[in-house]
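Observations on the model geometry
The residues making up each chain are set out below.
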Amino acid sequence: MSDPRITSSIFTRGAVDLSTLRGPAPASTRPGTPPQGAPSAGAPGAPTAGGNAAIVDVTEATIQADVLERSMAMPVIVFFGAAGFPESDEFAPVLERLAAESGGTWVLARVDVQENPRIAQMFRVQGIPMVYAVVGGQPIDAFSGVVPEAQLRQWIQAVLKAGGVAVAEPEDPRLDEADDALMSGDLDAAERAYRKILADSPADAAAEAGLAQVGVARRVAGADPATALAAAESAPDDVAAQLLAADIEVLSGLADQAYARLVSLVRRTAGEDRETVRQHLVSLFTIAGPDDPAVASARRALASALF
């Protein structure tokens, strides 16, 4: 699955029934006290070596305490794998590292499918690695196979939000690197960095905006702003001159003027020229983002010009 997200899926239709995994309810549970029946340190299902309570190994004997009951307090991400399977061996350390970094906001429950086939059968695991998110005692989403770490982080963030955990949007060092390249004028490096982010996260708005800025920077390279604006003023129907003038206005903080210029040009053109102007204007919208009031206004004006 290339884009794991919290969505309506087979789990919301009751395809996975975990009721058979539930044992008797614990007699009492106090905050900070392990549920009755939870394994002691060193037992299967107990925190892994080193005392990391964010990672537990789960068996049939411990799944109630370490997955079902624990998921009532925080999201539990269940990893199905087995030693000796290359993809499983590759993906497990990534999940383990993210769990260790989580600060206790979620728990990674590891299930060895060779030792626990009944659990795998109940979760309808057909291949490994496979990952489930369990919140409130129920699976809410899952994906199989290996996904890029950046995409995995986004999926975990969505799981945490679904579980009612307040999460701060993490900073992406790749985006910082791309932005630094853009600011230093290394447009080739910036483009490569932004495209790599978008390959992993196709909907990353910041990377889309950065890539659009690279395009503008390339188009205005070597142009004299005053000369370009004067040329556009003297040739209002010259498409190339108007597009360059709009780029310069955006970089000068005059996005409203750039949008108005191109909307007006859309009204005066037809055919391929009109489509070229429209696409150029949409690319400029990408820089500001859809929530910018000026973009919303310009989109309405563009729609009116087109239809």
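Residues numbered from 1 in each chain as written. Predicted model: local features only at pLDDT ≥ 70, side-chain atom pairs only at ≥ 80, totals over all residues. Heavy atoms only, no water.

**So, the pattern of salt bridges**
Across all of its chains, the model carries 17 salt bridges by this definition. Note that R97 is salt-bridged to E149, the shortest N-O span being 2.7 Å. Taken together, the residues R97 in helix 2 (residues 86-101) and E149 in helix 4 (residues 149-162) connect sequence positions 52 residues apart. Classification of E149 by relative accessible area gives partly exposed; the value is 28%. With its nearest N and O atoms 3.4 Å apart, the salt bridge here joins R153 to E101. Of this pair, R153 sits in helix 4 while E101 is found in helix 2, placing the two residues 52 residues apart along the sequence. Residue R153 is classed as partly exposed on the basis of its relative accessible area, which comes to 34%. (Salt bridge = Lys/Arg side-chain N within 4 Å of Asp/Glu carboxyl O. Helix = DSSP H or I, 4+ residues; strand = E, 2+ residues; numbered from the N terminus. Buried < 20%, exposed > 50% of the residue type's maximum accessible area, 1.4 Å probe, protein only.)

**Details of the side chain of H280**
Secondary-structure assignment places H280 in helix 11 (residues 271-288). At 2.8 Å, the side chain of H280 forms a polar contact with the side chain of D247. The contact partners of H280, leaving out residues within four places of it in the chain, are R219, L243, D247 and L262. (Polar contact = N/O pair within 3.5 Å; in protein donor to acceptor, adjacent residues only side chain to side chain. Contact = heavy atoms within 4.5 Å.)

**Digging into the pairing of strand 5 (residues 130-135)**
Of all six residues making up strand 5, six are buried, and the element is well covered by its neighbours. Side-chain alternation along strand 5 places M130, Y132 and V134 on one buried face and V131, A133 and V135 on a second face that is also buried. Taken together, the five bridges between strand 3 (residues 76-81) and strand 5 define a ladder with antiparallel strand orientation. Along strand 5, the bridge assignment pairs V78 with Y132. Sheet topology note: the strand 5/strand 6 (residues 138-144) ladder contains six bridges and is antiparallel. (Pairing = 2+ DSSP bridges.)

**Points about helix 10 (residues 255-268)**
The terminal C-alpha atoms of helix 10, which comprises 14 residues, lie 20 Å apart, in line with the 20 Å expected from a rise of 1.5 Å per residue. Along helix 10, the residues classified as buried are A258, Y259, R261, L262, V263, L265 and V266. Where helix 10 is buried, its residues meet helix 8 (225-234), helix 9 (239-251), helix 11 and helix 12 (293-306). (Expected span 1.5 Å × (residues − 1).)

**Thoughts on the environment of G164**
Tracing the sequence through the fold places G164 in the loop between helix 4 and helix 5 (173-184). Sequence spacing of G164 and A73 is 91 residues, and the spatial spacing of their C-alpha atoms is 9.9 Å.

**What about the packing of aromatic side chains?**
Scanning all chains against the criterion turns up six aromatic pairs. Pairing F80 with F123 gives two aromatic rings, centres 5.2 Å apart and planes at 55 degrees, and the pair type is tilted. With F80 in strand 3 and F123 in the loop between helix 3 (117-122) and strand 5, this pair connects stretches of sequence that are 43 residues apart. Residue class for F80 comes out buried when judged on its relative accessible area of 0%. Of the residues examined, F123 reaches a relative accessible area of 1% and is grouped as buried. Seen in terms of ring centroids, F123 and Y132 are 4.9 Å apart; in terms of plane orientation they differ by 75 degrees. Their pairing is edge-to-face. Every member of this aromatic cluster is reached through a ring pair, and the members are F80, F123 and Y132. (Phe/Tyr/Trp six-rings, centres within 6.5 Å; stacked < 30°, edge-to-face > 60°.)

**Some remarks on the confidence of the model for the protein**
Scored by pLDDT, the protein comes out at a mean of 82, with 81% of its residues at no less than 70. Here residues 1-16 is modelled with pLDDT under 50, and outside its nearest four sequence neighbours on either side it reaches 34 contacts, counting other chains as well. Across residues 22-52 the pLDDT falls below 50, and counting only partners more than four positions away or on other chains, this stretch makes 41 contacts in the model. (pLDDT = per-residue confidence, 0-100.)

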